[in-house]
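# An overview of the molecular structure
Below, each chain spelled out in residue letters.
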Amino acid sequence: AGLNVAYDDKSYPAGGPFPEVVSRDGGIVMITFDADIEYLEEAEISGFFYCSETVDKCDEGSQGTKWMDVAKGKVQQVDERTLAIELTETPGGSLAYIWRESPVKELYKLPIYSADVFRMPTPPFKHQLD
């Protein structure tokens, strides 16, 4: 990523896959990324956090205690660019990815990487669900 950003070398990616479309249909959230991904089921955590309020309300306070872990078994890769997340909580709310101070303890143990030779991790993000 550094070669792309600092030296404008487009033969390297500027970053990892990022959500292009996030939609919710009942209890399922679908996330489609802007590049092919690899979701590592052996990762330490699912990487996702859910809060039943707006992003701003979820972030109130200094501890972020409103964000709840989404269990690993509730996230599945359905095709090269799409994840399905089972959320049976109330409609609406917010979803965050890798929103911890130290999300994992080992190298290459984040849940989502690009499915190419660069293996770039997906950066943290938050999204308001409809």
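Everything that follows concerns the structure shown earlier in this document.
None of the values given here were measured: they were computed from a predicted structure.

Looking now at the packing of aromatic side chains. All told, the structure shown has five aromatic pairs when counted by the stated rule. Ring geometry for Phe48 versus Phe125: centroids 6.3 Å apart, planes at 70°, classification edge-to-face. Of this pair, Phe48 sits in strand β4 (residues 48-51) while Phe125 sits in strand β10 (residues 125-128), placing them 77 residues apart in sequence. The two residues Phe48 and Phe125 agree in class, both being buried. Where Tyr97 meets Phe125, the ring centres are 5.5 Å apart and the plane angle is 20°; that geometry is what we call stacked. Here Tyr97 is found in strand β8 (residues 94-97), whereas its partner Phe125 is found in strand β10, with 28 residues between them in sequence. Residue classification places Phe125 among the buried residues on the basis of a relative accessible area of 6%. An aromatic cluster is present here, built from Phe18, Phe48, Tyr97 and Phe125 joined pairwise through their rings. Across from the ring centre of Tyr113, 4.5 Å away, lies the NZ or CZ of Arg119, which sits over that ring.

The next thing to look at is the sheet that holds strand β7 (residues 82-86). With respect to topology, four strands assemble into an open sheet ordered β1-β2-β7-β6, the strand pairing being antiparallel. Here the strands that pair on one side only, and so sit at the sheet edges, are β1 (19-25) and β6 (75-79). On average, adjacent strands in this sheet sit at an angle of 20° to one another, irrespective of strand direction. Strand direction decides the pairing type here: β1 and strand β2 (residues 28-33), joined by six bridges, are antiparallel. Considered in β2, the bridge of Val22 is made with Ile31.

How each quantity is defined
- Residues numbered from 1 in each chain as written.
- Predicted model: local features only at pLDDT ≥ 70, side-chain atom pairs only at ≥ 80, totals over all residues.
- Heavy atoms only, no water.
- Phe/Tyr/Trp six-rings, centres within 6.5 Å; stacked < 30°, edge-to-face > 60°.
- Helix = DSSP H or I, 4+ residues; strand = E, 2+ residues; numbered from the N terminus.
- Buried < 20%, exposed > 50% of the residue type's maximum accessible area, 1.4 Å probe, protein only.
- Lys NZ or Arg CZ within 6 Å of the ring centre and 35° of its normal.
- Pairing = 2+ DSSP bridges.
- Axes fitted to C-alpha atoms, helices over the stretch in contact; angles between N-to-C directions.

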